[in-house]
Amino acid sequence: MTLNQEFVYKVCDAFRRAVESASEFTLEGREREFRQVLARHLLGEALGWEDHYKIGEIYDITCFDDENFPIILIETKWVETTESMESVRKLINKTKRRLKERIEELGSVKYGVFASNRDFIVYEYVDFKLEEITKVNVAEAVGVARGAYGLSEEGMKRILKLELLKRERLVWVEEPEYFERTYKEVSVEKGEGVKLLTENLKEIVKDLTTVFMKFFHSYMKRKQHYSGRFLANTFNDWLKISIKEEEFKKGDQSKRKEIIETFCRETAYVLLGRILFTRICEDKGVIESTISGGGMAESLRFYSKRGIENVYLYLFNESRQEIKKYYSHLHELGFFDWWLIEEVKKGTLSYEEGKIQASLENDLNYALRKAFMRLNRFNFEHINRDILGDVYQGYLPPDERKKLGEFYTPKKVIEYILDACGYKPENEIQGKKLLDPACGSGGFLVEATRRLIERYRRIGLDIRNPDDARQIIEECINQIYGLDIHPFACFIAEMNMLFQLIDLYDTTRQKYRDYQIPRLNIYRTDSLIPPGETPIELSGFMENSRRKMLIEETKGADKIKKMRFNFVVGNPPYVRVDNLSQSYRDKYSEIFRDFLKGKWDIYIPFIYRGIEWLVENGKFGYIVSNKFFLLESGLPLRKYILSNCIVEHIVDLSGIDVFVESIPAPAIIIMHKKGKIDSGRKIMVDVKTKKDIPQKLRTEIKDYDKIKKLEKTVEYLLNNVETYEVTQGRFEKDPELLFTITIPG
């Protein structure tokens, strides 16, 4: 039997198995059984897609390449013998239109297939339309497999054309040609493209995390070498600022492994963030292609002839140097570059350590290769800040955020606080400074940036004009500030804010080709520590080139701490004093000794510092635990508020899952700062309490799929409130009862 004959036999037998198996089922189950058996025998055995196809409900059968991109879409149907030729023709045309729509959404799909017990039709997507490649008579193929009759010459030709669908023909390709052939084939302007990008980003993070775990364990064994000492110092500092020091010391092997994995995962996210930003700049024409498309293909051919090892790692480092010309801070060596060893220091490794280092870098090179190949297929040319926000929320979901110490603040809460503080495009917010002293991933900063951009547009600046776009970029940077103790949170916040400015930057470069975005005012620091002080000795940074980065970071943060702001907003940390390390506990107790009483929580000094940062008549908006309203530990802060602020709104959200994580009794508090409060003056305070939430909205929010329901719950609460009026004077007479959220009486 020739290879052609063997292939034809396998195809015919696959059709026979599928039709015969489905025929044994009732009408309702025939199509599903036909689909299952056809996938197993035709795709898995005859065409080589075993373990690379997926059976689903939206797409009946999808075949994927090595990077998990869809290549073939198959729609299955079961046609009864009573169906007329006209009804079958209409079904085929309807399915063809459906396939075309799906292929255009996904971008990477090359072939669409209509598969039924009558016909197997293969279409190729060419020039924005589906062209028929072959049409196999399934009934004839089944008869051949049963031995009832032979196959016609035309029938054999039609079946042999199915070899076009073999996995080996569609997937395998030389790497330079791969980057040229697959460049920008998937648009992220549509929902399916965004979903596919999100899934690929998750896979990239998984691969990079695995590699960095190997780096970590290897470096930790180098007690005397620079790389080992630096990682030990960096990791210890990370444990402190992540409030995991005690947990790591006292935890069992499983817990310690989990914490190390979190550290390595953050390293992976930072590396991927840099790659993603570079890809976006490439596709928008900001820089020449270095890690994608023709530029990558040309580099691979050039360096392969010269025997360059780890070419993908080499090209990544080259791209870092290029992107520095446009936003230098993103690629400056920092906290999460612990894995990087300068060439001069590699010479100090022992022979065995050198071999291990080479193996580690080879693993990283392979992970980068896979990452570049995945991202090469996406077209970021028209990506905007809204799509990027969806991507970041998708590939950094709540369960992951919790592992990373990142809290998800519902967008409706952010919008409510900014609205209540008057930070709205219809108000004169231009020229006024805003601070989030615990900015996390930048939720408040991003929304504030959007509003400020819209404000400038409303007062006559044209976002399509290079001069106006440049002015808006610089005004946003000069007016919006963020601080956070965690370096990973600062990186993500910086990325998110850059995404808000990227369209403006694209416009600016139409006239100013060499324009570099100024450093964003987002700095890693402990917001509660006065300028010039720190409870952590970052000694590892003092021994190498990262020292400059640390000094600049400290100076920038200290400058912000000395400033005053028109708006202070945020969602400060929820950490009990018992969960703080001793160094933090001692430092905070010393600085805030007049405000910390009993079993205090860290959000209490954040409220005090927030008020202190405000200018006269500045606006304050936090979401915090409402426990300080009544407990003894909150009494000093309540008195301070009465003496310095007018309380405008309190929104009680206690008993509601406002956050993905379990946070006790959250409440929104809105105030503005006054230098002198007239105690005799009756100041009205809106005390808002929730109505009963509809049963359908009462749910515990635990994962990303339920985030939208969380947002709907919060939106319902904020739009359905009962308002009671009390006077701030009443609180002044009896501070023990301050902010009691009940009906006055």
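Cut-offs used in this document
Residues numbered from 1 in each chain as written. Predicted model: local features only at pLDDT ≥ 70, side-chain atom pairs only at ≥ 80, totals over all residues. Heavy atoms only, no water. Helix = DSSP H or I, 4+ residues; strand = E, 2+ residues; numbered from the N terminus. Buried < 20%, exposed > 50% of the residue type's maximum accessible area, 1.4 Å probe, protein only. Contact = heavy atoms within 4.5 Å. Areas by Shrake-Rupley, 256 points an atom, 1.4 Å probe, with all protein chains shown as cover. Axes fitted to C-alpha atoms, helices over the stretch in contact; angles between N-to-C directions. Parallel < 35°, antiparallel > 145°, perpendicular 65-115°, else oblique. Nonpolar A, V, L, I, M, F, W, Y, C, P; charged D, E, K, R; others polar. Pairing = 2+ DSSP bridges. Left-handed = near helix turned anticlockwise from the far one by under 90°. Expected span 1.5 Å × (residues − 1). Core = buried A, V, L, I, M, F, W, Y, C linked by side-chain atoms within 4.5 Å. Salt bridge = Lys/Arg side-chain N within 4 Å of Asp/Glu carboxyl O. Phe/Tyr/Trp six-rings, centres within 6.5 Å; stacked < 30°, edge-to-face > 60°. Lys, Arg positive; Asp, Glu negative; His and termini not counted. Polar contact = N/O pair within 3.5 Å; in protein donor to acceptor, adjacent residues only side chain to side chain. Disulfide = S-S within 2.5 Å. pLDDT = per-residue confidence, 0-100.

### A short note on the overall build of the protein
Looking only at helices and strands, the protein has 27 helices and 17 strands in total. When each of the 745 residues of the protein is scored for burial, the buried share is 57%. In the protein, once contacts between residues fewer than 6 apart in sequence are set aside, the share between residues at least 24 apart is 76%. Accessible area of the protein: about 32900 Å², with a carbon and sulfur share of 47%.

### Notes on the packing of helix α8 (residues 191-220) against helix α15 (residues 351-376)
Two elements in contact, α8 and α15, have axes separated by 10 Å at closest approach and are oriented at 175 degrees. Relative to α15, the element α8 is oriented roughly antiparallel. In terms of residue class, the contact of α8 with α15 is built from 14 nonpolar, three polar and seven charged.

### A word on the pairing of strand β13 (residues 614-625)
Of all twelve residues making up β13, nine are buried, and the element is well covered by its neighbours. Sheet topology places strand β12 (residues 565-570) next to β13; five bridges connect them, and they run parallel. Within the sheet, the bridge partner assigned to valine 568 lies in β13 and is phenylalanine 620. Relative to strand β15 (residues 666-673), β13 runs antiparallel, the two sharing seven bridges. Residue pairing across strands places isoleucine 623 opposite isoleucine 668, the latter belonging to β15.

### Focus on the environment of proline 573
Within the fold, proline 573 resides in the loop between β12 and α23 (582-591). Along the backbone, proline 573 and tyrosine 603 are 30 residues apart, and their C-alpha atoms lie at a distance of 5.9 Å. Those residues in contact with proline 573 that sit more than four places away from it in its chain are Ala438, Asp601, Ile602, Tyr603 and Phe606.

### Description of the sheet that holds strand β5 (residues 119-126)
One open sheet holds the six strands; their spatial order is β1-β2-β3-β4-β5-β6, and the pairing between them is mixed. If you trace the sheet from one side to the other, it starts and ends with β1 (53-55) and β6 (129-137), each paired once. Each strand of the sheet is rotated relative to its neighbour by a mean of 20 degrees, with strand direction disregarded. The pairing of strand β2 (residues 61-64) with strand β3 (residues 70-77) spans four bridges and is antiparallel. Paired with threonine 62 across the bridge in β3 is leucine 73. Strand contacts of helix α3 (residues 85-106): β3, β4 (111-116), β5 and β6, with the helix running at about 155 degrees to β3, the strand carrying the most contacts.

### Digging into helix α25 (residues 635-644)
Taken across its ten residues, α25 has eight buried, putting it largely inside the fold. Every buried residue of α25 is listed here: Leu635, Pro636, Leu637, Arg638, Tyr640, Ile641, Leu642 and Asn644.

### Re the environment of leucine 315
Relative to the assigned elements, leucine 315 resides in helix α13 (residues 311-323). On the accessibility criterion, leucine 315 (3% relative accessible area) is buried. For the pair leucine 315 and threonine 290, spaced 25 residues apart in sequence, the C-alpha separation works out to 7.0 Å. With residues near it in sequence (within four places) discarded, leucine 315 still touches Thr290, Ile291, Met296, Ser299 and Tyr303.

### Considering the packing of helix α20 (residues 466-479) against helix α21 (residues 487-508)
To describe two helices that pack against each other, one gives the angle between their axes and the distance between the axes. Viewed as axis vectors pointing N to C, α20 and α21 meet at an angle of 155 degrees, and their least axial separation amounts to 7 Å. Taken together, the axis directions place α20 and α21 in an arrangement best described as roughly antiparallel. Here α20 and α21 pass one another in a crossing that is left-handed. Mapping the contact onto sequence places Pro466, Ala469, Arg470, Ile472, Ile473, Cys476 and Ile477 in α20 and Met497, Leu501, Leu504, Tyr505, Thr507 and Thr508 in α21.

### Digging into unusual backbone geometry
Positive phi, normally seen in glycine, also occurs at asparagine 310, with a value near 50 degrees. Among the structural elements, asparagine 310 can be located in the loop between α12 (293-305) and α13.

### Quick notes on helix α19 (residues 443-458)
Here α19 contains 16 residues, and its C-alpha end-to-end distance of 23 Å stays within 8% of the 22 Å for a straight helix at 1.5 Å per residue. Those residues of α19 that sit buried are Phe444, Leu445, Val446, Glu447, Ala448, Thr449, Arg451, Leu452, Ile453, Arg455 and Tyr456. Immediately downstream of α19, the backbone of glycine 460 shows phi near 115 degrees, a positive value.

### Some remarks on the nonpolar core
The biggest cluster of nonpolar side chains holds 162 residues, and the ones touching the most others in it are Phe212, Phe235, Trp338, Leu364, Tyr588, Ile607 and Phe628. Tallying contributions element by element places helix α11 (residues 253-283) first for this core, with 14 residues. Not counting residues within four places of it along the chain, the set of residues in contact with leucine 364 comprises Leu208, Val211, Phe212, Phe215, Leu271, Leu313 and Trp339. Among the nonpolar cores identified, the runner-up in size contains 38 residues, and Cys12, Val37, Phe120 and Ala141 belong to it.

### Some remarks on the pattern of salt bridges
Enumeration according to the criterion identifies 52 salt bridges in this entry. Across the pair arginine 89 and glutamate 86 runs a salt bridge whose closest N-O atoms are separated by 2.4 Å. Of this pair, arginine 89 and glutamate 86 both sit in helix α3, three residues apart, roughly one helical turn. With relative accessibility at 41%, the residue arginine 89 sits in the partly exposed group. Across the pair glutamate 261 and arginine 265 runs a salt bridge whose closest N-O atoms are separated by 3.1 Å. Here glutamate 261 and its partner arginine 265 are both found in helix α11, four residues apart, which amounts to about one turn of the helix.

### Let's talk about the packing of aromatic side chains
Any pair of aromatic rings gets described here by the distance separating the centres and the angle formed by the planes. With the rule as written, the count across this model stands at 31 aromatic pairs. For the ring pair phenylalanine 34 and tryptophan 78, a centre distance of 5.8 Å and an interplane angle of 70 degrees mean the geometry is edge-to-face. Of this pair, phenylalanine 34 sits in helix α2 (residues 27-46) while tryptophan 78 sits in the loop between β3 and α3; the two residues are 44 residues apart in sequence, bridging distant segments of the chain. Here the two residues phenylalanine 34 and tryptophan 78 agree in accessibility, since each one is buried. An angle of 70 degrees between the planes, with centres 5.4 Å apart, marks the rings of tyrosine 481 and phenylalanine 565 as edge-to-face.

### Thoughts on the side chain of aspartate 526
Within the fold, aspartate 526 resides in the loop between β11 (522-524) and α22 (546-561). Buried charge without a partner: aspartate 526 forms no salt bridge, and the closest opposite charge is lysine 561, 6.1 Å away. One polar contact links aspartate 526 to tyrosine 588, side chain to side chain, over a distance of 2.6 Å.

### Overview of the state of the cysteines
For the coordinates displayed, the defined rule picks out zero disulfides. Considering cysteine sulfurs only, cysteine 439 is the nearest to cysteine 490, which forms no disulfide, with 5.1 Å between them.

### Details of the confidence of the model for the protein
Residue-level pLDDT values for the protein average 82, and 82% of them are 70 or greater. The weakest mean pLDDT in the protein belongs to strand β16 (residues 684-690) at 47; the strongest belongs to strand β9 (residues 434-436) at 98. This stretch, residues 535-543, has a pLDDT under 50; its non-local contacts, to residues over four places away or in other chains, come to 26 contacts. Across residues 680-709, confidence stays below pLDDT 50; counting only partners more than four residues off in sequence or on other chains, it has 81 contacts.

### Some words on the environment of arginine 451
Assignment of secondary structure puts arginine 451 in helix α19. Assessed through its relative accessible area of 8%, arginine 451 is described here as buried. As for arginine 451 and proline 425, which are separated by 26 residues in sequence, their C-alpha atoms are 5.4 Å apart. Residues within four places of arginine 451 in sequence aside, it is in contact with Glu415, Leu418, Asp419, Tyr423, Lys424, Pro425 and Ile429.

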